[in-house]
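# Examining the three-dimensional arrangement
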Amino acid sequence: MEPERSLEVGPGEAGQRLDTVVARALGLSRGWVRKLLDAGRVRLEGKPAAKGAILRAGDRIDVLPFARPEAGPLANPGIALAILRESAGLVAVDKPAGLPVHPLAPDETRTALNALVALRPELVGVGEGGLRSGVVHRLDTGTSGVLVFALRNDAWREARAAFAAKRVAKRYVARVHGAFAGEREVELMLGNRGSHVRVVESGGRLAVSRIQALETGSETSLVEIFMRTGVRHQIRATLAELEHPIVGDRLYGSAVELERHWLHAASLAWEGFAAESEPPPELRPRTADAS
């Protein structure tokens, strides 16, 4: 944590924006300074400062103790990433299976975030900042489909609030083992058990899913899943508990070894924003027997 800093506006800085002057003086990005302003950490003449404040010579700026951002993600223009929709400070991309959402170390560059930074560099510092800049939600590495990032802090806060309030309609498609027929509403208490998520009697989180068969075959079936909640590995663990693990999901009981598990985030929607992604061929209805 950096100590409190006080600045006095010089004649050469008169007429400039407060966020520009503070960013230059403290060696921060303007995006990070805007986060400090949003949090009420910057005072102008003893009062909370406005983002667009224009300074006068002699003005006093106080920056309350603050944290510097983590190292930001590096841009990687070598990863192809399709943009599905962009509006209201949000961007939805079509994440390929096998691509992590964000890096875990500053020198890691093969993630969806690294690819998007090459296309939309303004997202660095948004939201949690650092190596999670702009991340609104996550998909497992082996899952493909709609993934949403924020380009502005206000959009990030609104999107996160929608997820927290369970106002986001989430539809997935999966190919599972066995003959799954009909429709089921499933409620489970799920808890972390190392790399797995398991059904637990206490200490877990409620996971609610509606699962409907799109195509029933003797060996595999195609299902769509509507998530009412957002628990880690919710779909994968729920289908495994129903004895219909996702094809290729070795962690949850599939005996089939593939480069990915057959789960795809087909759509996300909440007030003011929606995006869809076409499932890959193996996750579309088959014209012949689904086995």
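So, here is what we can say about the structure in this document. Source: prediction; values computed, not measured. (Residues numbered from 1 in each chain as written. Predicted model: local features only at pLDDT ≥ 70, side-chain atom pairs only at ≥ 80, totals over all residues. Heavy atoms only, no water.)

## Focus on the nonpolar core
The line we're drawing: Only buried residues count toward a nonpolar core. Its members are Ala, Val, Leu, Ile, Met, Phe, Trp, Tyr and Cys residues joined through side-chain atoms within 4.5 Å. Relative accessibility decides the category of a residue: with a 1.4 Å probe and only protein chains considered, values under 20% of the type maximum give buried, values over 50% give exposed, and everything between is partly exposed. The helix count covers DSSP runs of H or I at least four residues long, the strand count covers runs of E at least two residues long, and both are numbered beginning at the N terminus. Whether two residues touch is decided by their heavy atoms; if any such pair falls within 4.5 Å, the residues are in contact.
Counting residues in hydrophobic clusters, the biggest one holds 44 residues, and the most contacted among them are Phe149, Tyr172, Ala174, Ile225, Ile235 and Ile246. No other element matches the five residues that helix H3 (residues 112-119) contributes to this core. When sequence neighbours within four positions are dropped, the list of residues in contact with Ile235 reads Tyr172, Ile225, Met227, Ile246 and Leu263. Counting residues in hydrophobic clusters, the runner-up holds 20 residues, among them Val9, Trp32, Leu36 and Ile61.

## With respect to the pairing of strand S9 (residues 183-193)
Applicable threshold: Strand pairing is defined by DSSP finding a minimum of two bridges between the two strands.
Direction of pairing for S9 relative to strand S11 (residues 205-216): antiparallel, over a ladder of eight bridges. Pairing of Leu190 across the sheet is with Arg205, part of S11. Here four bridges tie S9 to strand S10 (residues 196-199), and the two strands are oriented antiparallel to one another. From the neighbouring strand, Leu190 faces S10, where its bridge partner is Val199. Counting the residues between successive antiparallel strands, the hairpin from S9 to S10 contains two residues, one of them, Gly194, with a positive phi of roughly 70°.

## Examining the packing of helix H1 (residues 18-26) against helix H2 (residues 30-38)
Here is the rule: Axis angles are defined between N-to-C directions and span 0 to 180 degrees, where every axis is a line fitted to C-alpha atoms and, for a helix, only to the segment in contact. By the definition adopted for this analysis, an angle is roughly parallel if under 35 degrees, roughly antiparallel if over 145, roughly perpendicular if from 65 to 115, and oblique otherwise. For a crossing to be left-handed, the near helix must be turned anticlockwise from the far one by less than a right angle; the clockwise case is right-handed. We call Asp, Glu, Lys and Arg charged. Ala, Val, Leu, Ile, Met, Phe, Trp, Tyr, Cys and Pro are nonpolar, and the rest, Gly among them, are polar.
H2 packs onto H1 with a crossing angle of 115° between their chain directions and a minimal axis gap of 9 Å. For the element pair H1 / H2, the angle class is roughly perpendicular. Every pair of crossing elements has a handedness; the one defined by H1 and H2 is right-handed. Packed against H1, whose contacting residues are Leu18, Asp19, Thr20, Val22 and Ala23, the element H2 presents Arg30, Val33, Arg34 and Leu37 at the interface. Grouping the amino acids of the contact of H1 with H2 by side-chain chemistry returns five nonpolar, one polar and three charged.

## Brief notes about H2
For H2, the complete set of buried residues consists of Gly31, Trp32, Val33, Leu36 and Leu37. Residues of H2 that are buried in the fold lie against H1, strand S2 (42-44), strand S4 (60-63) and helix H4 (153-164). Remark: Gly40 follows H2 within two positions and exhibits a positive phi of approximately 75°.

## Comments concerning the packing of aromatic side chains
To keep it simple, the criterion reads: Stacked, edge-to-face and tilted labels apply to pairs of Phe, Tyr and Trp rings (six-membered ring for Trp) whose centres lie within 6.5 Å, assigned for plane angles under 30 degrees, over 60, and everything in between, in that order.
A complete count under the given rule lists two aromatic pairs for this structure. Judged by centre distance (5.7 Å) and plane angle (65°), the ring pair of Phe163 and Trp270 falls under edge-to-face. With a gap of 107 residues between them, Phe163 in helix H4 and Trp270 in strand S13 (residues 263-270) connect regions that are remote in the sequence. For Trp270, a relative accessible area of 9% puts it in the buried group. Judged by centre distance (5.3 Å) and plane angle (40°), the rings of Trp270 and Phe273 are tilted.

So far we have only geometry, and geometry alone does not tell us how the molecule works.
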